[in-house]
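Working through the structure, step by step
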Amino acid sequence: MAAEEPQKQVDDTLSGTTPGQAGTLNFVEGETQPVSYILEGWALPPKMPRVTSWETHIAGLRSLQLREDDIFLCAYPKAGTHWLWEVTSMLVQGKAEYETRRKEQLMVEFVDVDMIEAMASPRILNTHLPFSMLPWQQIRDKRVKVLHVYRNPKDTAVSMYFMMKDVWKLHGKSLEFSDFFEQFITGKVMYGGYFNYLRQFNAFARENPTVPVLTISFEEMKRNPAAKVQQLAEFLKVPASQQLCEKIAEACSFQNMKKQDDNKEEPEICVKTPLPKITMYRKGEVGDWKNYFTVAMSERMDTVVNEEMKDMPLVIQYS
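Right, let's walk through the structure included here. Nothing here was measured: the structure is a model prediction, and the numbers come from that model. (Residues numbered from 1 in each chain as written. Predicted model: local features only at pLDDT ≥ 70, side-chain atom pairs only at ≥ 80, totals over all residues. Heavy atoms only, no water.)

So, the sheet that holds strand 4 (residues 71–75)
As summarised here, the arrangement of the four strands in space is 5-4-6-7, forming an open sheet in which the pairing is parallel. Each end of this open sheet is capped by a strand with a single partner; those strands are strand 5 (124–127) and strand 7 (213–217). Ignoring which end each strand starts from, the neighbouring axes of this sheet average 15° apart. Here strand 6 (residues 145–150) runs beside strand 7; their pairing, made up of five bridges, is parallel. Bridge assignment links H148 to a residue of strand 7, and that residue is T215. (Pairing = 2+ DSSP bridges. Helix = DSSP H or I, 4+ residues; strand = E, 2+ residues; numbered from the N terminus. Axes fitted to C-alpha atoms, helices over the stretch in contact; angles between N-to-C directions.)

Overview of the nonpolar core
Nonpolar side chains in soluble globular proteins tend to end up buried together. In terms of nonpolar packing, the biggest core is built from 61 residues, with F72, L129, F131, I139, M160, F184 and F293 touching the most fellow members. Beyond its immediate stretch of four places on either side in the chain, M160 contacts Y76, P77, K78, F180, F184, V189 and M190. Among the nonpolar cores identified, the runner-up in size contains 31 residues, and L73, M90, I216 and C252 belong to it. (Core = buried A, V, L, I, M, F, W, Y, C linked by side-chain atoms within 4.5 Å. Buried < 20%, exposed > 50% of the residue type's maximum accessible area, 1.4 Å probe, protein only. Contact = heavy atoms within 4.5 Å.)

Description of unusual backbone geometry
Of note, the bond from S121 into P122 is cis; its omega dihedral lies within 30 degrees of zero at -5°. A positive phi is found at E40, a non-glycine position, where the angle reads about 55°. Judged by its relative accessible area of 5%, E40 falls in the buried class. Its identity as a non-glycine residue notwithstanding, K237 has a phi of 60°, on the positive side.

Remarks on the pattern of salt bridges
According to the stated counting rule, one finds nine salt bridges in the structure shown. Residue R199 is joined to E308 by a salt bridge in which the shortest nitrogen-to-oxygen separation is 2.1 Å. With R199 in helix 8 (residues 194–207) and E308 in helix 13 (residues 295–308), this pair connects stretches of sequence that are 109 residues apart. Residue classification places E308 among the partly exposed residues on the basis of a relative accessible area of 31%. (Salt bridge = Lys/Arg side-chain N within 4 Å of Asp/Glu carboxyl O.)

Some thoughts on the packing of helix 7 (residues 177–185) against helix 13
With their axes 12 Å apart at the nearest point, helix 7 and helix 13 run at an angle of 10° to one another. Relative to helix 13, the element helix 7 is oriented roughly parallel. Counted together, F177, S178, F181, E182, F184 and I185 of helix 7 and M297, R300, M301 and V304 of helix 13 form the full contact between these two elements. When the residues that make up the contact of helix 7 with helix 13 are grouped by side-chain class, the tally is seven nonpolar, one polar and two charged. (Parallel < 35°, antiparallel > 145°, perpendicular 65-115°, else oblique. Nonpolar A, V, L, I, M, F, W, Y, C, P; charged D, E, K, R; others polar.)

Some points on helix 11 (residues 242–251)
Buried within helix 11 are the following residues: L244, C245, I248, A249 and A251. One side of helix 11 carries all its buried residues, which in axial view fall inside an arc of 165°. Away from the buried face of helix 11 by more than 90 degrees, exposed residues Q242, Q243 and E250 are located. (Arc of directions from axis to C-beta.)

Quick notes on the pairing of strand 4
Across the five residues of strand 4, five count as buried, placing the element largely inside the fold. On strand 4, burial covers both faces: I71, L73 and A75 on one face and F72 and C74 on the other are all buried. In this structure, strand 4 lies alongside strand 5, joined through four bridges in parallel fashion. Across the sheet, F72 pairs through a bridge with L125, a residue of strand 5. Bridge analysis of strand 4 against strand 6 gives five bridges, and the strand direction is parallel. The residue of strand 6 that forms the bridge with C74 is H148.

Quick notes on the packing of helix 10 (residues 225–236) against helix 11
Two elements in contact, helix 10 and helix 11, have axes separated by 8 Å at closest approach and are oriented at 120°. Here helix 10 lies oblique to helix 11, going by the angle between them. For the crossing formed where helix 10 meets helix 11, the hand is right-handed. In this structure, helix 10 contributes P225, A226, V229 and Q230 to the contact, and helix 11 contributes Q242, C245, E246, I248 and A249. For the contact of helix 10 with helix 11, a count of residues per class yields six nonpolar, two polar and one charged. (Left-handed = near helix turned anticlockwise from the far one by under 90°.)

Listed below in structure tokens is the structure:
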């Protein structure tokens, strides 16, 4: 941030934490398997697929030496990260060819810092981590490009529910949407609260206007994908003809990316302990929340959105 770190900008219940202090495992009452690891007020996956600790890894990320041509791709889970990551990769390559590696295996929270340092430029560094856990000071000082995609909270909640339902199945447990809704709206989900994440990111963007940040919505991307690909190309300053943008938009349609998912490799350099296979592509629609939210849930979410996002320059679209 301009004068203080992003962590100071989030809700008081989170800003009281100190970077570097030890985290704790979080358990559901009566369960022996942890559901998350709480570090500095944020809920992270309970166990990293590495030999290091979360504390050591986050400290390493904060001190990661950035390059001027790095590209950070930041998003809350289930907001459209796969689309943005694949499109960005194609634009950087200058061709509509899929990245052979799996996005989840190349996220900065799951890749050892020394492996990130060894990546060839330009590096596309994608993450769901809150901005305070990233090398934000270097992002600010070196004016590293930042791409940010967000999605309306109702569809985000439904999409995240189905992902977490798969995770619970791995432990032989079931998860009802009504229970998950309560977790989501109170911020007690993986990677922390939806609104806390957006508040922190927007605080950084607002206070550092010289940092190149492009924020787009999932709904805009769905409505006019070729135009959004062109906008991304212009932001990244990479040559892209209208024909290429249209090819990339078609290749990165939800159905085409879903077909390609099974062909993704999990390279040894990035995977020491494989992550469990979880379905990342379900429907990719706008408005699917109507099939799961009750009227009471919808009204409650509307009230929270109006309060939490009243000072954010983001347009929430539900259809």
